Amino acid sequence: MEYIVVDFEWNQSPYGKGTGNKRLPFEIIEIGAIKLDENRQYVESFSEIIRPRVYKKLHHMTRELTGITQEELDGGEQFSHVLVDFMLWCGDDFMFCTWGNTDLIELQRNMKYYHLDDLLPGPLKYYNVQKLFRILHDPMERRSCALETAVDYFGFEKNDSFHRAVNDAEYTAKIFAAMDMERLQRLYSVDYYQNPQTKADEIHLDYDNYSKYISREFDTKEEAMADKEVRTTRCYVCGRAAVKKVHWFLGRNKCYYCLAYCKTHGLIRGKIRFKKTDDDRIFVVKTIRLISEEEAALIREMKKEVVDKRREKRHKGSAPEPGDE
Ligand SMILES: [Zn+2]
């Protein structure tokens, strides 16, 4: 298997917020990539400018950030041609690596816009090198970190300017190649812009200290919360069903929470986030994590808050909501 370390530059509506095309808020104008072999040795690079069709005028921020000129853009190739050449260049057996988690979303959104989404069936398993750097090398564990910070950390020379796709891809490739493969192997990410459609496609990921489940689509949140696979709280260490101490309830940040207990491994927190598809359907991202007594107390506290609020509402004489107890 080869690694395709990829980076995109994109343009947006130059006329400000709300003036863009909702189906394509960010239009890819440059693809840069480095191919690494299975030992993470450099094989070759790919670099192309794309002539935009939606936002033909360069946004001043894009121009300042990347240094790409309007002349370069006007001389670029059309997206569909570059994209097909790029996918051919990637080959049949590869895994993407990116700096951050936005590049692959925008790639797939651009592909969908041009009806090219069949070329890249998802969900995509990939390495988010920024996340790897944060976990393996950044003692501050910041939520986000600039590419240049990691380049400085490893002491690489900075001969090429940042924010040009192929340069950023090359810096990212060097960082990826300098990391401990054994440690990073289990830290892959899954991009679910193309979310699972059927039960057989649902994703179950086990990491060292938590597990993640991405469901198929449902029409409503209620329908999702009534699903057996969604509700289950299997302990991700031993695989046995953990007994619920606090059943799923709607807590803070529009997430559902629950508290469960595995006889061997202790307290477990379940958390469910809902994701909306482009067609307004719903799917679920559930994480299961071992937690401490203190963290469990926070869940119980949150549950109490919810019950108190409901009681207060009822006390004021408002009609009970459908589905309320
Ligand atoms: Zn267990």
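Summary of the structure given here. Everything quoted here is computed from the prediction, not taken from an experiment. (Residues numbered from 1 in each chain as written. Predicted model: local features only at pLDDT ≥ 70, side-chain atom pairs only at ≥ 80, totals over all residues. Heavy atoms only, no water.)

Let's talk about the packing of aromatic side chains
Right, on to step 1. This structure, assessed with the given rule, holds 22 aromatic pairs.
Right, on to step 2. Ring geometry for Phe94 versus Phe96: centroids 4.9 Å apart, planes at 65°, classification edge-to-face.
Right, on to step 3. Between the aromatic rings of Tyr188 and Tyr207, the centroid separation amounts to 6.0 Å while the plane-to-plane angle is 45°, which identifies the pairing as tilted. In this pair, Tyr188 is assigned in the loop between helix H8 (181–184) and strand S6 (189–191) and Tyr207 in the loop between strand S7 (203–206) and strand S8 (210–214), connecting sequence segments 19 residues apart.
Right, on to step 4. Among the residues examined, Tyr188 registers a relative accessible area of 18% and is labelled buried. (Phe/Tyr/Trp six-rings, centres within 6.5 Å; stacked < 30°, edge-to-face > 60°. Helix = DSSP H or I, 4+ residues; strand = E, 2+ residues; numbered from the N terminus. Buried < 20%, exposed > 50% of the residue type's maximum accessible area, 1.4 Å probe, protein only.)

Some thoughts on the sheet that holds S8
Right, on to step 1. Pairing is antiparallel in the open sheet, where six strands are placed in the order S7-S8-S12-S11-S10-S9. Each end of this open sheet is capped by a strand with a single partner; those strands are S7 and strand S9 (243–250). The average undirected angle you get between the axes of adjacent strands in this sheet is 15°.
Right, on to step 2. In the sheet, strand S11 (residues 266–276) pairs with strand S12 (residues 282–290) via nine bridges, with the strands oriented antiparallel. Residue pairing in the sheet places Lys276 in a bridge with Ile282 of S12. (Pairing = 2+ DSSP bridges. Axes fitted to C-alpha atoms, helices over the stretch in contact; angles between N-to-C directions.)

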